[in-house]
Amino acid sequence: GAGVSQSPRYKVAKRGQDVALRCDPISGHVSLFWYQQALGQGPEFLTYFQNEAQLDKSGLPSDRFFAERPEGSVSTLKIQRTQQEDSAVYLCASSLTGQGRQFFGPGTRLTVL
Amino acid sequence: GNSVTQMEGPVTLSEEAFLTINCTYTATGYPSLFWYVQYPGEGLQLLLKATKADDKGSNKGFEATYRKETTSFHLEKGSVQVSDSAVYFCALSISRGNTGKLIFGQGTTLQVKP
């Protein structure tokens, strides 16, 4: 594919459910970022991978949030026991290197009821 | 800490009007500065960037100059079009010894009327 893809595009979860959000970065991109964008706000950094190594997870809001990139390509962001405050758009971005231009996916809009 | 502050929107202009969206930042280290744009129904796209003081980024008629003395990176365009209607985000990244993560402002919505 030409760009970063994310799935699902929309997810509705009942409070307490676990969800998994997928990101397919641009082929060959070493770096992968996850951001959370609340309604009417700018994106906020969650976590960063360089290949399969998670080098920065300082933005993860709680231990209910977990991200992985086991083979250095596709990444999954998992949220356990979802809460209403988790409702947001989750953005994935990839770049050739950590300091390179980041290309963003369309995002997954999560709504927790 | 590192942060970005943008002027609040929405900004509503008539076609061909002059645009300024203010952005100021606080940063430790040597930030690179960016403007991203989010068109309706689309993902975030890089509009322009500047990596050091006094650099000017430009693209599609938009410009922004990295002003270290005023810690600002204001976005300007001389004549806006309806197609420029979007949400604009100012952002920074600390270049040295950092992951390259972006810190965004809250976004400014621009509406251009014909």
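Residues numbered from 1 in each chain as written. Chains lettered and ligands numbered in written order. Predicted model: local features only at pLDDT ≥ 70, side-chain atom pairs only at ≥ 80, totals over all residues. Heavy atoms only, no water.

### A look at the overall build of chain A
We apply this condition: Numbering goes from the N terminus for both helices and strands, where a helix is a DSSP run of H or I of at least four residues and a strand is a run of E of at least two. Taken over C-alpha atoms, the radius of gyration is set against a globule rule of 2.2 Å times the number of residues to the power 0.38. For each residue, the accessible area found with a 1.4 Å probe, counting protein chains only, is set against the maximum for its type, and the residue is called buried under 20%, exposed over 50%, and partly exposed in between. Using a 1.4 Å probe, the Shrake-Rupley method yields the accessible areas, and only the shown protein chains count as cover for residues. The sign given to each residue is positive for Lys and Arg and negative for Asp and Glu; His and the chain ends receive no count. The atoms used to mark charge sites are NZ of Lys, CZ of Arg, CG of Asp and CD of Glu.
Scanning chain A from terminus to terminus reveals 0 helices and 11 strands. Listing every helix and strand of chain A by position from the N terminus yields β-β-β-β-β-β-β-β-β-β-β. Since a compact globule built from 113 residues should have a radius of gyration of about 13 Å, the 13 Å found for chain A is in line with a globular shape. Its C-alpha atoms give chain A principal-axis dimensions of roughly 35 × 25 × 25 Å. The buried share among the 113 residues of chain A stands at 46%. About 5,700 Å² of surface is accessible on chain A, with carbon and sulfur atoms providing 47% of the total. Looking at chain A, you have 12 positive and 10 negative side-chain charges, and the mean spots of the two groups are 7 Å apart.

### What to know about the interface of chain A and chain B
Defined as follows: In what follows, a contact means two residues having at least one pair of non-hydrogen atoms within 4.5 Å. A 1.4 Å probe defines the accessible area here, and the buried area is the portion of it lost by two parts on being joined, summed over both. Whenever a carboxyl oxygen of Asp or Glu lies within 4 Å of a side-chain nitrogen of Lys or Arg, that contact is scored as a salt bridge.
Counting residues at the interface gives 18 residues for chain A and 17 residues for chain B. Where chain A abuts chain B, roughly 1,400 Å² becomes buried across the two surfaces, and 52% of that area is made up of carbon and sulfur atoms. Area buried by chain A at its contact with chain B is led by Pro43(A), Gln99(A) and Phe104(A), which between them contribute 35% of it. At the junction of chain A with chain B, the criterion picks out 1 salt bridge.

### Some details on the sheet that holds strand E8 (residues 62-65) of chain B
All names here are of chain B. Rules: Pairing between strands is defined by DSSP: at least two bridges between them are needed. Orientation is described by lines fitted to C-alpha atoms, with helices fitted over the stretch in contact, and by angles between N-to-C directions that extend from 0 to 180 degrees.
Taking strand neighbours across the sheet as the criterion, the 4 strands line up as E3-E9-E8-E7 in an open arrangement whose pairing is antiparallel. Of all the strands in the sheet, just strand E3 (19-21) and strand E7 (56-59) have a single pairing partner and so form its edges. The sheet shows a mean angle of 15° between the axes of neighbouring strands, direction not considered. Across 3 bridges, E3 lies against strand E9 (residues 75-77) in antiparallel orientation. Following the sheet pairing, Ile21 is matched in E9 by Leu75.

### Some thoughts on the side chain of Gln36(A)
Residue and element names in this part refer to chain A. Cut-off, in case you're wondering: N or O atoms closer than or at 3.5 Å make up a polar contact, with two conditions inside protein: a donor-capable atom paired with an acceptor-capable one, and, for residues adjacent in sequence, both atoms drawn from side chains.
Along the chain, Gln36 falls in strand E4 (residues 31-37). According to the relative accessible area criterion, Gln36 is buried, its value standing at 16%. Of note is the side chain of Gln36, whose polar atom sits 2.9 Å from the side chain of Tyr90. Setting aside its immediate chain neighbours within four residues, Gln36 contacts Gly42, Pro43, Glu44, Leu46, Phe65, Asp86, Ala88, Val89 and Tyr90.

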